[in-house]
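Remarks on the overall topology
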Amino acid sequence: MEYDPTLLLQVEGVSKSFPGVKALDNMRLDLRKGEVLALVGENGAGKSTLMKLLTGIYTREEGQFWLNGEPLEVKNPREAEEKGLSIIHQELDLVPHLSVAENIFLGREPVTAALFTSNRTQVKRARALLESLGMNLDARQKVGELTVAKQQMVAIAKAMSFDAKVIIMDEPTSALNEEEVEQLHDLIRGYVKPDTGVIYISHRMPELKRIADRVTVIRDGQYIDTLMMADVTTDQIISKMVGRAINVDAKPVGVRGDRATILTVEGLTTKSLLKDVSFELKEGEILGVAGLMGAGRTETARAIIGADPRESGTITLKGKEVHFRNAAQAAAHGIGYLSEDRKGFGLMLNLSVTHNIAISSVGDKFSKFLFEDKKAMRKAALAGEELLKIKTPSVDQLVKYLSGGNQQKTIIARWLVKDCDILIFDEPTRGIDVGAKEEIYQLLNRLAGEGKSIIMISSELPEILRMSHRIVVMSEGRVTGTLDGPTATQESIMALATHPEEVFA
């Protein structure tokens, strides 16, 4: 194979297999100098696998890489960084008990003349980097204390801190709001020069249209096509990704006014953020919760299920006041919560798909004489796999080997098996491709039609607008307004999300 000198990075004939799965088959890709290349495909298509091969996390079985005209061989991520490749993983590889500064410079700590780590210098450099990137983060704060969105910003800052020729971004905006997305895009435009480039993996098509020069589509581990972004429509990209038409126009028409109120939240207040949060959820309703980062959306959900303590306020479930001490109590009362941080608070990575789906129902559905009923657990897992189209060679597969989107589907299957009356989904389609999103949208609409009540927290306004019967908007820990889903617009939501002073004047 000959290397094309106009290319910054070239991939040819690359293959990789895992037990029961051929993740990549004769894959190819090229990144031109000075461009942003979008890489798209459904969950499990092989995008993350290819990036992990490039950065030395996995070892390829066949094929060749070139970087700047030279064959590229890397044995581990550190060597990849030394050779000019830096990656921001979809699942953040940060150390929770270390500070922002310590995470950014982990393994590259500045030292004093006596060879001790200079914390002062490290913090100073981190502050300078964060300031140059326009990121409002405290360099001394522990990463584990940050929201997922702010952790994402730390990961971006860390990648930008290397003198990299190629930065690979795997779902870099999955936890960012529109303002933060634009901030990231400005950073990318400033980074891309005649000798650098970015591979940008995302399921958010409007973003790709704004930032990418070309788009490479892969499906089922194989190369499909590369197109100029200016010459292709979103529908054409999606069609190549999924091999089928996707209906993106369906929208709820509003929940009937005669539906009973199943959950009432009044005056919910916490010590750290929430102030007098009040709203109600009706039977069979999808209630969207919108707002910018730090608005209090996730904090509200966690306070409802007892994961975070509340100072005041009441929660009424089916006409009876409740006060949960933890998420397990909430689940026992029919409230399921899918966290935005699926690895930190949802998945048990070293357990099987079966155990991850059945774990919340072992005590009441899958036990026999105080022992796990493995046959019943497996039957439920197989049903969840089929219903949600979870791509796995077997329900006995460890969850850590699934793609991000299929991990998300596994958690959703858990709460469907639990058969909760109320489902609180925090960023339910984070990191999920358009085909899988459509499947989840159809599922949520079906559940609502069957009488389930859903609170859907999402940073994606098109998703909120498409799915919600009503929309609660939050800002700075308060509810600033409630909108009717069918008549709401992005402008009306953003007006409430960005101007709380007008609401509380």
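Residues numbered from 1 in each chain as written. Predicted model: local features only at pLDDT ≥ 70, side-chain atom pairs only at ≥ 80, totals over all residues. Heavy atoms only, no water.

**Some words on the environment of Asn445**
Along the chain, Asn445 falls in helix 15 (residues 434-449). Through-space distance from the C-alpha of Asn445 to that of Ile286 is 7.9 Å; in sequence the pair is 159 residues apart. (Helix = DSSP H or I, 4+ residues; strand = E, 2+ residues; numbered from the N terminus.)

**What about the pattern of salt bridges?**
Side chains bearing opposite charge may pair, as long as their charged atoms lie close to each other. In this structure the tally under the stated criterion is 18 salt bridges. A salt bridge links Glu73 to Arg60; the nearest nitrogen and oxygen atoms lie 2.7 Å apart. Taken together, the residues span a long stretch of sequence, with Glu73 in the loop between strand 5 (70-71) and helix 2 (77-82) and Arg60 in the loop between helix 1 (47-54) and strand 4 (62-67) at a distance of 13 residues. Linking Glu285 and Arg470 is a salt bridge whose minimum nitrogen-to-oxygen distance equals 2.5 Å. In this pair, Glu285 sits in the loop between strand 12 (277-282) and strand 13 (286-290) while Arg470 sits in strand 21 (residues 470-475), placing the two residues 185 residues apart along the sequence. (Salt bridge = Lys/Arg side-chain N within 4 Å of Asp/Glu carboxyl O.)

**Regarding the sheet that holds strand 1 (residues 7-18)**
The strand order 2-1-4-5 describes an open sheet built from 4 strands, whose pairing is antiparallel. The outermost strands of the open sheet, each flanked by one partner alone, are strand 2 (21-32) and strand 5. Here 8 bridges tie strand 1 to strand 2, and the two strands are oriented antiparallel to one another. Bridge pairing links Gln10 to Asp30 in strand 2. Relative to the sheet, helix 1 contacts strand 1, strand 2 and strand 4, its axis offset from that of strand 1 by approximately 110°. (Pairing = 2+ DSSP bridges. Contact = heavy atoms within 4.5 Å. Axes fitted to C-alpha atoms, helices over the stretch in contact; angles between N-to-C directions.)

**With respect to the side chain of Thr392**
Examined against the element boundaries, Thr392 turns out to sit in the loop between helix 13 (374-388) and helix 14 (404-418). By relative accessible area, which is 13% here, Thr392 ends up buried. Polar side-chain contacts of Thr392 include one of 2.7 Å to the backbone oxygen of Ser394. (Buried < 20%, exposed > 50% of the residue type's maximum accessible area, 1.4 Å probe, protein only. Polar contact = N/O pair within 3.5 Å; in protein donor to acceptor, adjacent residues only side chain to side chain.)

**Things to note about the environment of Ser17**
In this fold, Ser17 is placed in strand 1. Sequence separation of Ser17 and Glu61 is 44 residues, and the distance between their C-alpha atoms is 7.9 Å. If we skip the residues at most four places from it in the chain, Ser17 touches Lys22, Ala23 and Glu61.

**Quick notes on the packing of aromatic side chains**
A ring pair, where both rings are aromatic, is described by two values, the distance of the centres and the angle of the planes. Counted under the stated rule, the structure contains 1 aromatic pair. Against the face of Tyr223 rests Arg28, its NZ or CZ located 3.9 Å from the ring centre. (Phe/Tyr/Trp six-rings, centres within 6.5 Å; stacked < 30°, edge-to-face > 60°. Lys NZ or Arg CZ within 6 Å of the ring centre and 35° of its normal.)

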